[in-house]
Amino acid sequence: MQLDLPLGQPVGARADEFLVSDVNARAVQHLEHWGSWPVMAALLVGPRKSGRSLLARLFALRTGGAVVDDAERQGEVDIFHAWNQAQAEHRPLLIVADAPPPDWEIRLPDLRSRIGATPVLTLGLPDARLVASLLDYLFERREIVAGPGLIDWITRRVERSYISILGVVEALEEDAMVRQNRRLSIATARPVLTKAGLVPIGPAASMEHEGA
């Protein structure tokens, strides 16, 4: 499932979509029903590269709401005023952060109490379904043709993190440029990804790879 983000200048095919799976569906559902929020604010947290900023922009465009991104690096007084303004205007505010308090250390008592009353929406680490969807999405976006079984092969080996998935795609794209061939197979991808430390190596991994 995808959510379309109507950006003015899309980067490429499907570049303006947020992919929805079990690890982020609850957060997306909460955003879709912002009219029933207990307060006109929500805190969106999750790993970097998880699409949280994209989802926040989508939300703002669809609702006319406001967004505070990278909240830990913004002024606490500014966030405090934005939270109060959202309540006064009944205009939703989405605050994007790496993690909720106490990991996010908020020094301003009034802001701390308001964030404490704000629902927390979490984007989790990618599951196998989302890993495969992201690989397919990123390959298409970068005009890379994945051969039979390649996405499944990578999905079963790559670390479950958004950074690792991006690393895989970037390593394979760089290799495709060197080879001047944007068609990829398991045979061409295996040495690139093992050399980059993005898929496991060793006797057990080798036996599994041969069975792929």
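The structure contained in this document is the topic of the report that follows. From a predicted model like this one, the values you see are computed outputs, not experimental measurements. (Residues numbered from 1 in each chain as written. Predicted model: local features only at pLDDT ≥ 70, side-chain atom pairs only at ≥ 80, totals over all residues. Heavy atoms only, no water.)

Attention now goes to helix 1 (residues 25-32). Burial in helix 1 covers these residues: Ala 27, Val 28 and Leu 31. An end-on view of helix 1 places all buried positions within 100 degrees of arc, on one side of the element. (Buried < 20%, exposed > 50% of the residue type's maximum accessible area, 1.4 Å probe, protein only. Helix = DSSP H or I, 4+ residues; strand = E, 2+ residues; numbered from the N terminus. Arc of directions from axis to C-beta.)

In this structure the tally under the stated criterion is 1 aromatic pair. Centre to centre, the rings of Trp 37 and Phe 59 are 5.6 Å apart; their planes meet at 10 degrees, and the pair counts as stacked. A residue pair is termed long-range when its members are at least 10 positions apart, and Trp 37 in the loop between helix 1 and strand 3 (41-45) and Phe 59 in helix 2 (residues 52-63) qualify at 22 residues. Looking at Phe 59, the relative accessible area reads 3%, which means it is buried. (Phe/Tyr/Trp six-rings, centres within 6.5 Å; stacked < 30°, edge-to-face > 60°.)

Membership of the largest hydrophobic core comes to 34 residues, with the highest contact counts inside it found for Leu 44, Ile 95 and Trp 104. Looking at this core, the elements that each hand over two or more residues are helix 1, strand 3, helix 2, helix 3 (76-89), strand 5 (93-97) and helix 4 (109-116). In contact with Trp 104, other than residues within four places in its own chain, are Leu 43, Ala 71, Glu 72, Ile 79, Ile 95, Ala 97, Ala 99 and Ile 115. The next biggest cluster of nonpolar side chains, apart from the first, holds 29 residues, and it includes Val 158, Ala 176, Val 192 and Leu 193. (Core = buried A, V, L, I, M, F, W, Y, C linked by side-chain atoms within 4.5 Å. Contact = heavy atoms within 4.5 Å.)

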